[in-house]
Amino acid sequence: MQNSGYTLPVFAIAAAKAALLHLQQRQSPQTVKLDLLPGDAEIPIEQVACLDQNRALAITRSDPGANLDLTRNTPIWADVSLDPFCGDSLSLVGGEGIGKTEEGQAAIYHYARRLAEANLLEYIPQGKTLRVAIILPEGRQLAKRTSNEAFGVLDGLSLLGTHGIAQPHTAVESLENAKTQLQEKSQQHQDLIFCIGSNGLQVADRLKLPETAIVQVGNWLGALLVEAGLREVRSVLLLGYHGKLVKLAGKIFNTSSHIADGKLEILAAALAQYTDNVKLIRGVLDCPTMAKAYQYLEQENLADRVFQDLCDRIRQNSQAYVQKYANTELEIGVILFERQGVIVAETAIASDLIARHHG
């Protein structure tokens, strides 16, 4: 059986635990045991050392197992200190290489914080606050090879994930898994919902859409739309973050940033239908993320019109793609939302398709 490996939060918290144990016991553990919520794991520790009487540093390395992951073997540091109590027993912060959200907060998410609490709180002396700074020395450089900026994570990697095990998969396996899921759900439903990412699932849940009709599609939009056509599905409702789904408006049907990432160029082309102001168009192209570009157009009172136009283009291009490669017609609705899940535009048919699922 292939090694499944672990997600980044696991290694970060393992390093923190090793540093804390070294600080308290002056031992240098070669491994630490973690509660993964659920399950447990023994994580190797590469180095550990005290920096002063109340501060220690531990280093481990990412091992995603058989997963195709650019963080493989990247070092993860945890700089921990026991400080006077400051209101919370545990403070988890991002150091160099940990990305920041557009609001300036460290991109350390819920699972990583739960993992820290489950594995560190019991070792913190009463009257002390444990400060844990997670450092990814290669994080800023590695982030340039990801689509993090499209999701509003800047200048580094995020400690993201909902579980500790990094399930092994290849790109082809991901597509085949999604196809299998689509085939099974098409036997129950004529109308399907394609969700891109966890944000898509959250929006679907908020809209009270049935889980039995939802297919998690990843980046394989074109192939799975064609599969839906071949399976004689009646309609597909596309739910996606605007920074991802907008690529279909430029006829890019695999949304992986490693294949193509022309989202701002596509947005600028759509904007050109509504203004001759070259400075305004250039302003969109200069935005670091789609979220910033959307805010920029909101200030100019153009966001609603431009993103509605993009919605319609996504629908038209997707229907034409299915017609070309599956030789069939497929009704397609589109809902675009921003990073927090707020809907910014939708096609006219989207509400009808939602009503079908509620009926």
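Refer to the structure above for everything that follows.
**Things to note about the overall build of the chain**
Here is step 1 of the chain: Along the chain, the regular secondary structure elements total twelve helices and 14 strands.
Here is step 2 of the chain: Relative to the globule expectation of 21 Å for 359 residues, the C-alpha radius of gyration of the chain, 23 Å, shows essentially globular dimensions.
Here is step 3 of the chain: With the C-alpha coordinates aligned to their principal axes, the bounding extent of the chain is approximately 70 × 50 × 35 Å.
Here is step 4 of the chain: Across the 359 residues of the chain, 50% fall into the buried class.
Here is step 5 of the chain: Sequence separation of 24 or more characterises 68% of the internal contacts of the chain that already satisfy a separation of 6 or more.

**Details of the pattern of salt bridges**
Here is step 1 of the chain: Counted by the stated rule, this structure contains twelve salt bridges.
Here is step 2 of the chain: Note that Asp-261 is salt-bridged to Lys-263, the shortest N-O span being 2.8 Å.
Here is step 3 of the chain: For Asp-261, a relative accessible area of 39% translates into the label partly exposed.
Here is step 4 of the chain: Ionic pairing is found between Asp-309 and Arg-313, a salt bridge with its closest N-O pair at 2.6 Å. Linking Asp-309 with Arg-313, this pair stays in helix α11 (residues 303–326), spanning four residues, or about one helical turn.
Here is step 5 of the chain: The class for Asp-309 is buried, based on a relative accessible area of 16%.
Here is step 6 of the chain: On the basis of relative accessible area, Arg-313 is assigned to the partly exposed category, the value being 25%.
Here is step 7 of the chain: Residues joined by salt bridges that share partners form a network here, namely Asp-191, Arg-234, Glu-331 and Arg-356.

**What about the sheet that holds strand β4 (residues 55–61)?**
Here is step 1 of the chain: Strand order in the open sheet formed by five strands is β3-β4-β5-β8-β6, with mixed pairing between adjacent strands. Since the sheet does not close on itself, it has two edges, and those belong to β3 (47–52) and β6 (90–94), each with one partner. Averaged over all neighbouring strand pairs, the angle between strand axes comes to 20 degrees, with direction disregarded.
Here is step 2 of the chain: Of the pairings in the sheet, the one linking β3 to β4 comprises five bridges and is antiparallel in character. Among the inter-strand pairings, Cys-50 is bridged to a residue of β4, identified as Ala-56.
Here is step 3 of the chain: Its contacts with the sheet place helix α1 (residues 8–25) against β3, β4, β5 (75–84), β6 and β8 (128–135), and it is angled at close to 45 degrees to β5.
Here is step 4 of the chain: Those strands touched by helix α2 (residues 110–120) are β6 and β8, and its axis lies near 140 degrees from that of β6.

**A short note on the packing of aromatic side chains**
Given two aromatic rings, one states the distance between the centres and the angle between the planes to describe the pair.
Here is step 1 of the chain: Taken as a whole and assessed by the stated rule, the structure comprises four aromatic pairs.
Here is step 2 of the chain: A ring pair is formed by Tyr-294 and Phe-307, whose centres lie 5.0 Å apart and whose planes are at 75 degrees; its orientation type is edge-to-face. Residue Tyr-294 is found in helix α10 (residues 290–299), and its partner Phe-307 is found in helix α11; the two are separated by 13 residues along the sequence.
Here is step 3 of the chain: Residue classification places Tyr-294 among the buried residues on the basis of a relative accessible area of 10%.
Here is step 4 of the chain: Judged by relative accessible area, which is 0%, Phe-307 ranks as buried.

**What to know about unusual backbone geometry**
Here is step 1 of the chain: A cis amide bond, omega 10 degrees, links Leu-37 with the succeeding residue Pro-38.
Here is step 2 of the chain: Despite not being glycine, Lys-208 shows a phi value in the positive range, around 60 degrees.
Here is step 3 of the chain: By the element assignment, Lys-208 lies in the loop between α5 (197–206) and β11 (214–216).
Here is step 4 of the chain: Owing to a relative accessible area of 67%, Lys-208 belongs among the exposed residues under this scheme.
Here is step 5 of the chain: Unlike most non-glycine residues, Asn-301 shows phi in positive territory, near 60 degrees.
Here is step 6 of the chain: Note that Asn-301 resides in the loop between α10 and α11.
Here is step 7 of the chain: Classification of Asn-301 as exposed rests on a relative accessible area of 64%.

About the cut-offs
Residues numbered from 1 in each chain as written. Predicted model: local features only at pLDDT ≥ 70, side-chain atom pairs only at ≥ 80, totals over all residues. Heavy atoms only, no water. Helix = DSSP H or I, 4+ residues; strand = E, 2+ residues; numbered from the N terminus. Rg over C-alpha atoms; globule rule 2.2 N^0.38 Å. Buried < 20%, exposed > 50% of the residue type's maximum accessible area, 1.4 Å probe, protein only. Contact = heavy atoms within 4.5 Å. Salt bridge = Lys/Arg side-chain N within 4 Å of Asp/Glu carboxyl O. Pairing = 2+ DSSP bridges. Axes fitted to C-alpha atoms, helices over the stretch in contact; angles between N-to-C directions. Phe/Tyr/Trp six-rings, centres within 6.5 Å; stacked < 30°, edge-to-face > 60°.

Fair warning: the whole summary comes from geometry, so function is off the table for now.
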